[in-house]
Amino acid sequence: MIEPQKKEKLRIGITERSIVDGIHNEKRDTLAQDWHSFLQNALPDIPWVPIPNIEKNVIDFINEFDINRFIFSGGETPGTSPKRDTTERYLLELAIRRKIPTICVCRGMQFLVNHIGEELISCEKELHAGVTHEIRWFNEEKLVDSRQTVNSFHEVGIKNTKSLQQSVEVCAFASVDKTVEAIKLRDANIHGIMWHPEREAKPKVSDIEFFREVFRAKA
């Protein structure tokens with residue numbers, strides 16, 4: 001008799017900022033409370049844990065907690081927090097190797113693009129720092145006639161180059177300057193978005209559906 005396969009139990013790990021508390025001069029890993037409410041709305045039945053910035057030891061942490069979904073959260077520009085950069089490098093290499101469904105948000109997408117060897121560019125602050133703007137969705141065959149308004153909190157962006165397209169599918173770009181707003185790594189369920197779904201006063205249905213699709217889909 002063939003035993004039925006057990007349904008995979010989903011467990012999300014989400015990366016954290018690495019900061020120094022100016023009052024106590026204490027190094028801390030932190031996560032915006034906005035993520036609590038967003039995940040409660042988007043994925044209420046999936047447990048999640050913050051991932052500490054512990055560099056190569058993070059692999060043992062992931063295995064111990066049996067984490068099989070990743071969110072790379074926003075925060076510092078890649079290159080400004082060495083301990084976080086090292087931790088996330090181990091995580092991203094693990095995600096690619098094990099084909100772990102992953103969503104990289106803002107800094108997370110910048111980190112992903114850096115990891116595959118692409119350079120980041122400076123954005124005009126008035127177009128991307130603390131504003132909302134329109135994005136347009138795109139696939140490799142044609143421009144999809146789909147527009148969406150998203151928040152924007154970054155000063156570093158991604159240019160749509162031929163070398164970038166060799167490694168990722170460019171899924172959306174900003175109407176204001178054509179910088180890349182969403183990508184998917186080729187041959188992997190690893191996605192990047194430049195906006196912050198967790199910072200909306202009320203989570204958007206489109207963001208909720210996106211997270212559910214990526215994390216519930218088979219790798």
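Our structure's up above, just so we're on the same page.
So, here's what we can say about the structure. This structure is a prediction, so every number in the text was calculated from the model and none was measured. (Residues numbered from 1 in each chain as written. Predicted model: local features only at pLDDT ≥ 70, side-chain atom pairs only at ≥ 80, totals over all residues. Heavy atoms only, no water.)

1. Description of the pattern of salt bridges
No. 1: The full count for this structure, using the stated rule, is 10 salt bridges.
No. 2: With a shortest N-O distance of 2.5 Å, Arg84 and Glu76 are connected by a salt bridge.
No. 3: Classification of Arg84 by relative accessible area gives buried; the value is 0%.
No. 4: As a salt-bridge pair, Arg147 and Glu134 come within 3.1 Å of each other at their nearest N and O atoms. In this pair, Arg147 is assigned in strand β9 (residues 143-153) and Glu134 in strand β8 (residues 129-138), connecting sequence segments 13 residues apart.
No. 5: The exposure class of Arg147 is partly exposed, given its relative accessible area of 48%.
No. 6: It is possible to trace a salt-bridge network through shared partners that takes in Glu76, Arg84, Asp85, Glu88 and Arg107. (Salt bridge = Lys/Arg side-chain N within 4 Å of Asp/Glu carboxyl O. Buried < 20%, exposed > 50% of the residue type's maximum accessible area, 1.4 Å probe, protein only. Helix = DSSP H or I, 4+ residues; strand = E, 2+ residues; numbered from the N terminus.)

2. Focus: the environment of Thr132
No. 1: Among the secondary structure elements, Thr132 is positioned in strand β8.
No. 2: For Thr132, a relative accessible area of 57% translates into the label exposed.
No. 3: Note: C-alpha distance between Thr132 and His36 (96 residues apart in sequence) is 22 Å.

3. Points about the packing of helix α3 (residues 82-98) against helix α4 (residues 107-115)
No. 1: In contact at an axis separation of 11 Å, α3 and α4 are set at 70° when each is read in the N-to-C sense. When the axes of α3 and α4 are compared, the pair comes out roughly perpendicular. In this structure, α3 uses Arg84, Asp85, Glu88, Arg89, Leu92, Glu93 and Ile96 to contact α4, whose residues at the interface are Arg107, Phe111, Leu112 and His115.
No. 2: Classifying every residue of the contact of α3 with α4 by side-chain character gives four nonpolar, one polar and six charged. (Axes fitted to C-alpha atoms, helices over the stretch in contact; angles between N-to-C directions. Parallel < 35°, antiparallel > 145°, perpendicular 65-115°, else oblique. Contact = heavy atoms within 4.5 Å. Nonpolar A, V, L, I, M, F, W, Y, C, P; charged D, E, K, R; others polar.)

4. A few points about the side chain of Thr179
No. 1: By the element assignment, Thr179 lies in the loop between β11 (168-174) and β12 (180-185).
No. 2: A polar contact of 3.5 Å, which involves the side chain of Thr179, links it to the side chain of His128.
No. 3: Look past the residues within four positions of Thr179 in its chain and what remains in contact with it is Ile121, His128, Ile158, Phe173 and Ala174. (Polar contact = N/O pair within 3.5 Å; in protein donor to acceptor, adjacent residues only side chain to side chain.)

These figures capture arrangement, not role.
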